[in-house]
Structure formats: C-alpha cells, structure tokens
Amino acid sequence: MLKAVVLIGGPQKGTRFRPLSFEVPKPLFPVAGVPMIQHHIEACTKVPNMKEILLIGFYQPNEALSRFLVSAQQEFKIPIRYLQEYAALGTGGGIYHFRDQILSGSPEAFFVLNADVCSEFPLEEMLTFHRLRGNPETFLMLGTTANRKQSLNYGCIVANADSHEVLHYVEKPSTFVSELINCGIYLFTPAIFRHIGAVFQRNQQELLLEENANGWQRAEAIRLEQDVFTALAGQGRLFAYKTEGFWSQIKSAGSAIYASRLYLSCYSQCHPERLAQNRTGGPTIRGNVYIHPTASVDSTAVLGPNVSIGKGVTIGAGVRVRESIILHGASLQDHTCVLNSIVGWDSTIGRWARVEGTPSDPNPNDPYAKIDSETLFRDGRLTPSITILGCNVTIPAEVVILNSIVLPHKELSRSFKNQIIL
Amino acid sequence: MKALILVGGYGTRLRPLTLSIPKPLVDFCNKPILLHQVEALVKAGVSHVILAVSYMSELLEKEMKEQEQKLGIHISLSHEKEPLGTAGPLALARELLTENSEPFFVLNSDVICDFPFADMVRFHRHHGKEGTIVVTKVEEPSKYGVVVCEADTGRIHRFVEKPQVFVSNKINAGMYIFNPSVLERIQLQPTSIEKEIFPVMAEQGQLYAMELQGFWMDIGQPKDFLTGMCMYLQSLRLKQPERLHSGPGFVGNVLVDPTAKIGANCSIGPNVTVGADVVVEDGVRIKRCTVLKGSRIRSHSWLESCIVGWSSSVGQWVRMENVTVLGEDVIVNDELYLNGANVLPHKSIAESVPEPRIIM
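Residues numbered from 1 in each chain as written. Chains lettered and ligands numbered in written order. Predicted model: local features only at pLDDT ≥ 70, side-chain atom pairs only at ≥ 80, totals over all residues. Heavy atoms only, no water.

### Section: the overall build of chain A
Moving on, step 1. Helix and strand counts for chain A come out as ten helices and 34 strands.
Moving on, step 2. The C-alpha radius of gyration of chain A comes to 22 Å, within 12% of the 22 Å expected for a compact globule of 422 residues.
Moving on, step 3. Along the first, second and third principal axes, the C-alpha set of chain A runs to 65 × 50 × 45 Å.
Moving on, step 4. The burial tally for chain A puts 57% of its 422 residues in the buried class.
Moving on, step 5. Partitioning the intrachain contacts of chain A with sequence separation of at least 6 by distance along the chain shows that 58% fall at a separation of at least 24.
Moving on, step 6. On chain A, roughly 17500 Å² of surface is accessible, and the fraction owed to carbon and sulfur atoms is 49%.
Moving on, step 7. Mean positive and mean negative side-chain charge positions of chain A (38 and 37 charges, respectively) differ by 3 Å. (Helix = DSSP H or I, 4+ residues; strand = E, 2+ residues; numbered from the N terminus. Rg over C-alpha atoms; globule rule 2.2 N^0.38 Å. Buried < 20%, exposed > 50% of the residue type's maximum accessible area, 1.4 Å probe, protein only. Contact = heavy atoms within 4.5 Å. Areas by Shrake-Rupley, 256 points an atom, 1.4 Å probe, with all protein chains shown as cover. Lys, Arg positive; Asp, Glu negative; His and termini not counted. Charge placed at Lys NZ, Arg CZ, Asp CG, Glu CD.)

### Points about the sheet that holds strand β30 (residues 348-349) of chain B
Residue and element names in this part refer to chain B.
Moving on, step 1. Taken in spatial order, the six strands line up as β15-β18-β21-β24-β27-β30 in an open sheet, and their pairing is parallel. One side of each edge strand has no neighbouring strand; the edge strands of this open sheet are β15 (261-262) and β30.
Moving on, step 2. Where strand β27 (residues 331-332) meets β30, two bridges bridge the pair, whose relative direction is parallel. Bridge assignment links Val332 to a residue of β30, and that residue is Ile349. (Pairing = 2+ DSSP bridges.)

### Section: helix α1 (residues 36-45) of chain A
In an α-helix, one full turn covers 3.6 residues, which means residues spaced three or four apart are oriented alike.
Moving on, step 1. Where burial is concerned, most of α1 of chain A is hidden: nine out of the ten residues are buried.
Moving on, step 2. For α1 of chain A, every residue scored as buried is listed here: Met36, Ile37, Gln38, His39, His40, Ile41, Glu42, Ala43 and Cys44 of chain A.

### Let's talk about the UniProt feature "domain: Mannose-1-phosphate guanyltransferase C-terminal" (unreviewed entry) in chain B
Moving on, step 1. Under the present numbering, the feature "domain: Mannose-1-phosphate guanyltransferase C-terminal" (unreviewed entry) in UniProt falls on residues 251-359 of chain B.
Moving on, step 2. End C-alpha to end C-alpha, residues 251-359 of chain B measures 32 Å, and it is 0% helix and 43% strand. (UniProt positions renumbered as here; feature names shortened; annotations may be inferred.)

### Remarks on the interface of chain A and chain B
Moving on, step 1. At the junction of the two partners, chain A supplies 19 residues and chain B supplies 21 residues.
Moving on, step 2. Across the interface of chain A and chain B, roughly 1400 Å² is buried in total on both sides, 47% from carbon and sulfur atoms.
Moving on, step 3. When the buried surface of chain A facing chain B is broken down by residue, Trp352, Arg354 and Glu398 of chain A rank first, second and third, together holding 43% of it.
Moving on, step 4. For the interface between chain A and chain B, the tally reads five salt bridges.
Moving on, step 5. Residues Arg285 of chain B and Glu398 of chain A are paired through a salt bridge, measuring 2.7 Å at the closest nitrogen-oxygen approach.
Moving on, step 6. Linking chain A with chain B are 15 residue pairs in polar contact (both at pLDDT 80 or more), by the criterion used here. (Buried area = accessible area lost by both parts, 1.4 Å probe. Salt bridge = Lys/Arg side-chain N within 4 Å of Asp/Glu carboxyl O. Polar contact = N/O pair within 3.5 Å; in protein donor to acceptor, adjacent residues only side chain to side chain.)

### A look at unusual backbone geometry
Moving on, step 1. Geometrically, the link from Gly304 of chain A to Pro305 of chain A is a cis peptide bond, its omega value of 0° lying close to zero.
Moving on, step 2. Looking along the chain, the bond that leaves Gly269 of chain B and enters Pro270 of chain B is cis, with omega of 5°.
Moving on, step 3. Within the secondary structure, Pro270 of chain B is located in the loop between β16 (267-268) and β17 (272-274).
Moving on, step 4. Even without a glycine there, the phi angle at Asn392 of chain A is positive, about 55°.

### Structural notes on the sheet that holds strand β14 (residues 284-285) of chain A
Residue and element names in this part refer to chain A.
Moving on, step 1. One open sheet holds the seven strands; their spatial order is β14-β17-β20-β23-β26-β31-β33, and the pairing between them is parallel. This sheet does not close on itself; its edge strands, each paired only once, are β14 and β33 (416-417).
Moving on, step 2. Bridge count for strand β26 (residues 354-356) against strand β31 (residues 400-402) is three bridges, and the pairing is parallel. Residue pairing across strands places Glu356 opposite Leu402, the latter belonging to β31.

### Here we look at the nonpolar core
Moving on, step 1. The biggest cluster of nonpolar side chains holds 77 residues, and the ones touching the most others in it are Phe29, Leu55, Phe111, Leu123, Ile185 and Ile342 of chain A.
Moving on, step 2. Tallying contributions element by element places helix α10 (residues 253-270) of chain A first for this core, with ten residues.
Moving on, step 3. Not counting chain neighbours up to four residues away, the residues in contact with Leu123 of chain A comprise Ala43, Cys44, Val47, Phe111, Leu113 and Ile185 of chain A.
Moving on, step 4. Residues Ile21, Leu25, Leu35 and Leu212 of chain B belong to the second largest nonpolar core, which totals 63 residues. (Core = buried A, V, L, I, M, F, W, Y, C linked by side-chain atoms within 4.5 Å.)

Have a look at this one:
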C-alpha cells in the first residue's frame, strides 16, 4: 500500500501570500476554483493502492481546515487526517515526528508533497520509475528544468544522465550549479527515516554540548533539503525523475493567478465540467473560466481567459474580468473592469470602477522560465504587481485601483496607484 | 464695422488636435472656435472680419469662404510672412482698418466668453478715447499681468506683470476696440501690443478698461479647453437651456449633436459635448469630456476630462482620464487605461499609459 503526506506549513509561513492568508490558511486558498491542496489530494487518490493522505503542518485546528477535511474525504473516499506539529519542525522534522503515523499499516512507500506548488503531479510515473530500480533503500525526487538565472532560487540537482542518480544537491546556491531544480515532490520508502533519524541524533549530540539549550525542539527541526538530501547525494540512494509537465511554486499571491491558469488549462482534459461554456443567456466566456455554480453572472458580462469566480459571487451587467480570481461573496457592480487581480471575499467594486494589476508571468519566450515572486519592493519602490483586495474591501464607483494591495476591511474613497493600503 | 482676429501660427498648444486642422476650426462645444467669435461679431454689427494668420491653410480659406456666404459678411485673410507679434498684424492690415473713421475690434483667437461686443462699442463711444480693452477678474492675479484702473471710469493707470503683492485682480481678456488713429502708434515690425503699445496709451490717458461680466477662458490648451467647455455649457444652461440634452442617463449640462447616437444604460455628464455622428455604445460613462465628430466610444468605457479626436475609436472597458487627448483617427484597444495620454493622429494604442505622456 501507499500513503501520501502533504506539507502544509503554518500561519507563520507564507507571509508573501498576505493579505489573503489572513483570512484562510494559504493551503486552502482557491486555485482554479478549488483549494490549493485539493489538486495534490486528487493527484494522490489517482495512484492505485493509495490508502491514506496525511496533512502535516502547524496550524491550530480551525474550522476551515476541518471543513475541508470532511468534504475532501467525502469526495475522494479516502482517509485524510491532519497532524499538527507542536512547532515548525521543517520539511523533514514534521514527517520524522509523525513517522509512526506514516508507517502504520506498513506502506511500501509514501509521497511527500509541498503544498505551495502547482504541478501535473506525475505521481504514477514517479512510482513506476522507482519500482523499476526495485531497491527499497532508494528515494526519488521530482525535478524540472529552470533557466540558469532563476535556478539559483531553487534547490539544484546534479544527476547522472544515465542512472538519474543525484550526485550533488544544493539548496538556493549563489552561483550556477544546475538547471535541474527540485519540485518539492518526493517518493520515499520507510528507509528515509533512518537518514532523517541520523540528522536528529547528530542535532541532539550537538545540542548536548551546548548549555541551557532548548533541546527537543531544535533537534527535531530538520530540513529535508539541506540536512537530508545534501547528505544523500552521491550515496547511490537519491534519484531524480525529471518532468516536462507544468510546475510552479505558489509563494506570492501573484503566482496564484498564474497557477490558476496552469490548472484551468488542464481542466479541459481532466475536469471539463469545471470549465464554463458559452451558452445562450449566459455570459461571454473567453478561454478557460471557472464559475462556481452558486455565482450569479449577468449575461452581458465578459469573462476570461483565466478567471475563477467563487461561491456566491455577483457579477453585474457589462462587467469584464480577465486573468483574475474573484473570491466568494464578492460583488462586481455594472460595467466594472477587473484585470490581473484577486478580489477578496465579500468585497464590493462599484460601478465603472477599474481594478487592475500588472501580471508577473514568467517570460513567455523562455520555456524554462519560472514565475518570480521574490520581493514586494525593489530599490525601495513597490514593484508593479497584481492588485489584491483583501477580505471585505469596498471600492467606490468610477475609481481606478492600479497595482495596489488593499488590506482587509477597508472602505476606499478614491483612486489608488502603486500603493499598499493599510 | 471691422474686426481683426489674431489667429497666429500653428496652434501648437492645442496639439495633437491642431495637427489635423487649424486651431480656429477646432470644434468647441460643437462649433468651430472661430465661429463663436465671428457670429458674435456679426451680431454686434461687424461686416468685415480680417483673420491675421502667420501660416496659410487651404482648409481655413475654404471654410472662411463658406462662412462668408452663410453669414453674409466679408472675411479676408491677412498673411504675415514673419511673426509680427500681437500688434504688427494691425499694421499689416492698416489699409483695411483705416478705410473709414469707425472704431474696429481686435481679438485674441483663443478666448471664449459671453462676447460683449455691443457693450464694448457703447463703452468705447462713451469715454471717447482711443482704445478700450476688456478685463476679467481672476482668483490668482500673481500668475498674470494685471490691469490697474480707475474704479468708476475704467481709465487705465498702469499694467503690472505677475504682481507679487496684490494691486488688482483684473487681467487683459484679449478683446479690444480701437479708433483707427491707434495705427499711428504701430510700425510694421514684430511688436507686442500688450507690452509696447498699451503702456504708452495708458500713460496718455487714451486706454480704458471695461469689465467683463460672466465667464471667460483662454482655451488655447487642452486642460483649459475642457474648463472653458464647462463654463460655456453652464452659460448655455442659464441662457438657452433648450439646447442642452436631458433625460434618463444624462447628468448636468450635456450638449449632444442631433446626429449622435447614445446607447442604453449610459451615464453622460455633467459637462460633456458629443459631436456629430458620434456613436456612444451601451453602458458608457462620460464626464467632463469633448467627443469630436465621427468618433466611437465602445461599451462599458469610462471617460473623464478627455478630448476624443475626430473619427477616433475607444475600445470596450477602456478608462481614460486626466486630460487624455486623442488626435484624429486614433484607435484605443479594448480594456486599456490611459492616464493623461497625448496621442498623435492615426495611432493605434495597444498598451496602457498609466502615467501622463505623449504617444508619438
């Protein structure tokens, strides 16, 4: 049997996703109409013999998460549990802490997926690739190609071209190492815990030598990338499977729009029912658009491409939405124009208002370019980004909100450009 | 009576509009700027209008020929080979202006107001001196040259350029009436009437100021063109409200040519002029704009403080504001944002202009 672990992090992480992560844990933020990690879960459930999915993170139990667990279990007919870390233990510390839970039932292998990536999740291919080797002492990581410059922002993998063995691994190097980067998606066997355990023992040894150390927590904080993979590289145990499918990190809110586009574009294959169609009496749809069945959209509105309309959203007459995510309960009054923006829950945009951001898409002419979501500011100035309206923001009629981030529960009274509005 | 209108050169301040036609022919509130003045002059008894131009334009000549017939007056063009300033053109037209002893009008061509020509004649005859200039009150006199005059008679004492302390709030409104004898003061050479002729006349007690009632604006540049339009429409509201458009979808003072088509669910106004053959599609919001002949505003666009040039096309969900001026035959693609863009004729705009700039 198989299991899967999704590493969902916690509230102290994902600050680049503010102000949206104030309202909902980032892993539950809707991407292409469904919570970010639902894409992970769905991919896991498609792998034959998958018996359980564990979410590991350090969020306090909360209603949104519980509701998601209930509905996902119903939908996918598989046990899904949330295991809460007592502190942020890192990508390796979390699974090590809950190793008994993972190993219960004796899985042959288990996947580990970071929540903040979007991907085609070629899990079955990874499994086949792993089984081909037939060695339960080896582990597999998913890699993809980045361009030379951007590879420095990722974990870089040097692999043997024939055997695919990872010969060298380095996290975010300062000089170029390899164009093959770590996707944050792994296939482990139970043997991995011996290697994480060794790190734990070493950490503990080091701590014993220090005085008044806060022992357990620091010994258990283990990073898979720096602490485990770097040591496993060149030992004949770690292998890389390179995917040509789409992949992106979802670090900033801007990358959520890009990730939505990637997922929406594969809905025509895997979830055609989620894509809105042009129908008489319905709005005009251009390209890939997701509309929640409870949303009310005027027939004169024009939506798409890459638009996700959430639950209970109201879209008035003559509204235009392109490259945007409209979150549940928001209301777009007549003639509004929303481009490259995320409109927060229960926000209202007045008539003829324009809410516009600047897309931060990867260079379309470079097939290996990734989205840049490093900094909000450059040279002391806010870099033009998508516009984000937090929860319950009110935009008056006829104004323009350009390249701005509006924190929750604000009622604006005029136009804003290139600002963060507290 | 005769009138000389100082039309001048290329009208560069009103570009990009004046790249397509001479400034006097640019429509202001659906009528060429020059016709506002000429019609008012005719009403006051002027039968011969001399246009002082520094570059010849066939279009202007042709248009003036038509107006001659329509208005039943004589219009002649006086062409200066080199720029002669604001007084030189009078000397150039000396023969015409001194045919008889009647006083004549001199006007700057950029001025729009309730033209007080009949009052000027009366005032001028009453004081019996050589010249009368019209003055108008401004809020910030320090930006202009002001006129200091006697309160009850209007006799001008002196002119003060950009006064740092308050001496007067009255400025030269660019409309004069002179006796032919004024030409004895002017040589055929570049001369400024304001700086070289008026001070001498004032010193000799030959120059009087008549205060203008109502609105006044120099509409020589786009920003002021729009402000002048607001004033003109408000004055229409008071004097000829029947010429303004009203009804559902119209707010405040709106002037719409009868051949224009306005779609459903629009909100037009306040302070909008829509020219002939313009098409405004459904769900458009327009405030404080002039939309010139033959242009099309596509649905759900939002326009404030713009001039849309002749035969231009503004796409769907476009937002234009902050004195955006489109020249003739400009195409603005769907969903763009134009902030203070100045677009030269025959351009197609495919990218937003988030900060004011000129699009060559």
